[in-house]
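Overview (structure and organization)
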Amino acid sequence: VMVYTIVKKAALRAAITKNISPHTLRHSFATHLVENGADIHIVQHMMGHSSITTTERYIHMSQRHLKEAVSRFHPRAN
């Protein structure tokens with residue numbers, strides 16, 4: 001509970017209006033690792049996932065984010 005309180009207070013002080021929790025930070029950490037080329041098995045181990053399929057969600061989310069960015073900003077996307 002203490003980490004949750006620290007994260008909530010820090011978000012409040014930073015004027016972050018989005019709902020932030022320790023899990024948000026954990027998820028962001030894993031997503032950034034995958035987006036920057038970290039080996040999925042290493043991320044799996046760091047996150048403590050027993051199944052690789054749980055970790056693979058970060059790959060799919062990263063790919064979706066990339067596709068959205070390309071379609072939104074690439075001059076020949078539309």
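Parameters at a glance
Residues numbered from 1 in each chain as written. Predicted model: local features only at pLDDT ≥ 70, side-chain atom pairs only at ≥ 80, totals over all residues. Heavy atoms only, no water. Helix = DSSP H or I, 4+ residues; strand = E, 2+ residues; numbered from the N terminus. Rg over C-alpha atoms; globule rule 2.2 N^0.38 Å. Buried < 20%, exposed > 50% of the residue type's maximum accessible area, 1.4 Å probe, protein only. Contact = heavy atoms within 4.5 Å. Areas by Shrake-Rupley, 256 points an atom, 1.4 Å probe, with all protein chains shown as cover. Polar contact = N/O pair within 3.5 Å; in protein donor to acceptor, adjacent residues only side chain to side chain.

All right, on to the overall build of the protein then. For the protein, the helix and strand inventory stands at 4 helices and 0 strands. What you see in the protein, going N to C, is helices and strands ordered as α-α-α-α. Scaling as 2.2 N^0.38, a compact globule of 78 residues should have a C-alpha radius of gyration of about 12 Å, whereas the protein reaches 16 Å, well beyond that. Along the longest, intermediate and shortest principal axes, the C-alpha atoms of the protein span 45 × 35 × 15 Å. A buried classification covers 19% of the 78 residues belonging to the protein. Of the contacts made within the protein by residues no fewer than 6 positions apart, 20% connect residues no fewer than 24 positions apart. Here the protein has roughly 6300 Å² of accessible surface; of this, 60% comes from carbon and sulfur atoms.

Right, let's get into the environment of Asn 19. Mapped onto the elements, Asn 19 comes out in the loop between α1 (2-13) and α2 (22-35). Judged by relative accessible area, which is 58%, Asn 19 ranks as exposed. Along the backbone, Asn 19 and Lys 8 are 11 residues apart, and their C-alpha atoms lie at a distance of 8.5 Å. Not counting chain neighbours up to four residues away, the residues in contact with Asn 19 comprise Lys 8 and Thr 24. Within the local environment of Asn 19, its side chain forms a polar contact with the side chain of Lys 8, the two groups lying 2.4 Å apart.

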